[in-house]
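# Observations on the model geometry
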Amino acid sequence: AGTYQDETGKAQCKPCPMGTTTSFLGATDESQCVRCGAGEYAPYDGMATCIRCPEGQYSTAERTSTATCTNCPDGTYSEFVGSTDASDCAPCKEGYYSETGKPCQKCKEGTYQDEPSQGSCKNCVAGTYLNLTGATDASNCTKCALGTFSESEGSSECTPCDAGYYASEEGMKTCDLCPYGTYSNLVGATSIDACLKCPAGSTSTSEGASECAPCIA
């Protein structure tokens, strides 16, 4: 099966083209190589039988090429082998996503998805974080606490402000700098009150100082 010979005196048979096969032995013409049916494909020449489409793919009887199957669209997936139509590709539910032909999977930390049938998840906005997977709504993204920030979208955690900085509000994208003439050696400061005046004989010549420098002789 999977071969034919339309000439006499030959040492070997000719393979049926990819996407086709024969259902019997002794085929005498390429026209006896029949196309694979719905839910099947033949990716190589001379295949003895068509094979069923794998999970995440499907093939219809009317398709142009029977050498391949079609991936389920983004945001959908078929758990069955031998699917015959795009309708066999079930939508991913909220909190999940699926890239083309791949299984639905939970949204990663820092992301969420509030709609079904999506090929990606949405990022939590800067100033918020999310340390859970499979989130289904933007409300699952929590504002960064006082003294912390998240500069990028899709954060799974907030970062404490460096020494010389502070965050006096929740949901900060960046920390504020201690003013000139002050310093703070505290990490994660929550108020400008953490910025202390430089003592006599010293100064800070830039904002965001973590220490004061002695006055030059």
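Use the structure listed above.
A few points on the structure. (Residues numbered from 1 in each chain as written. Predicted model: local features only at pLDDT ≥ 70, side-chain atom pairs only at ≥ 80, totals over all residues. Heavy atoms only, no water.)

### A look at the overall build of the protein
Along its length, the protein carries zero helices and 24 strands. The C-alpha radius of gyration of the protein comes to 32 Å, more than 25% above the 17 Å expected for a compact globule of 217 residues. For the protein, the spread of C-alpha atoms along the three principal axes comes to 110 × 40 × 20 Å. Counting across all 217 residues of the protein, residues that qualify as buried make up 35%. Counting every atom, the protein has about 12,400 Å² of accessible surface; 49% of that belongs to carbon and sulfur. Across the protein, the mean location of the 13 positive side-chain charges is 5 Å away from that of the 28 negative side-chain charges. (Helix = DSSP H or I, 4+ residues; strand = E, 2+ residues; numbered from the N terminus. Rg over C-alpha atoms; globule rule 2.2 N^0.38 Å. Buried < 20%, exposed > 50% of the residue type's maximum accessible area, 1.4 Å probe, protein only. Areas by Shrake-Rupley, 256 points an atom, 1.4 Å probe, with all protein chains shown as cover. Lys, Arg positive; Asp, Glu negative; His and termini not counted. Charge placed at Lys NZ, Arg CZ, Asp CG, Glu CD.)

### Considerations on unusual backbone geometry
Positive phi values are uncommon outside glycine, yet serine 117 reaches one of about 60°. Along the polypeptide, serine 117 turns up in the loop between β13 (111–112) and β14 (122–123). On the basis of relative accessibility, which here comes to 33%, the residue serine 117 falls in the partly exposed class.

### Thoughts on the environment of alanine 1
One can find alanine 1 in the segment before β1 (3–4). As for alanine 1 and proline 15, which are separated by 14 residues in sequence, their C-alpha atoms are 9.2 Å apart. Sequence-distant contacts of alanine 1, defined by excluding residues within four places in its chain, comprise Thr22, Phe24, Leu25 and Ala48. (Contact = heavy atoms within 4.5 Å.)

### Quick word on the state of the cysteines
If you walk through the whole model with that rule in mind, you get 11 disulfides. One disulfide in the model links cysteine 144 with cysteine 158; its S-S distance is 2.0 Å. Residues cysteine 144 and cysteine 158 are joined by a disulfide whose S-S torsion is about -80°; by sign, that bridge is left-handed. Residue cysteine 144 is located in the loop between β16 (142–143) and β17 (148–149), and its partner cysteine 158 is located in the loop between β17 and β18 (159–160); the two are separated by 14 residues in the primary sequence. Judged on exposure class, the residue cysteine 144 and its partner cysteine 158 are both buried. Cysteine 13 forms no disulfide, and the closest cysteine sulfur to it belongs to cysteine 16, at a distance of 9.8 Å. For the unlinked cysteine cysteine 215, the closest cysteine sulfur is that of cysteine 198, found at 9.0 Å. (Disulfide = S-S within 2.5 Å.)

### Brief notes about the side chain of arginine 63
Of note, arginine 63 is situated in the loop between β7 (57–58) and β8 (70–71). The side chain of arginine 63 sits in the buried core without any salt bridge; glutamate 40 is the nearest counter-charge, 6.8 Å away. Separated by 2.5 Å, the side chain of arginine 63 and the backbone oxygen of threonine 60 make a polar contact. At 3.1 Å, the side chain of arginine 63 and the backbone oxygen of serine 65 are in polar contact. Among all residues touching arginine 63, those that are not within four sequence positions of it are Arg35, Cys36, Gly37, Ala38, Glu40, Tyr41 and Thr68. (Salt bridge = Lys/Arg side-chain N within 4 Å of Asp/Glu carboxyl O. Polar contact = N/O pair within 3.5 Å; in protein donor to acceptor, adjacent residues only side chain to side chain.)

### Quick notes on the pattern of salt bridges
Scanning the entire structure with this criterion turns up five salt bridges. Members of the salt-bridge network, linked through shared partners, are Asp6, Glu7 and Lys14.

### Side note on the environment of glutamine 32
Take glutamine 32: it is sitting in the loop between β3 (20–21) and β4 (34–35). With relative accessibility at 27%, the residue glutamine 32 sits in the partly exposed group. Along the sequence, glutamine 32 and threonine 203 sit 171 residues apart, while their C-alpha atoms lie 93 Å from each other. The contacts of glutamine 32, once residues within four sequence positions are left out, are Thr21, Thr22, Phe24 and Ala27.

Function cannot be read off these values alone, since they describe shape.
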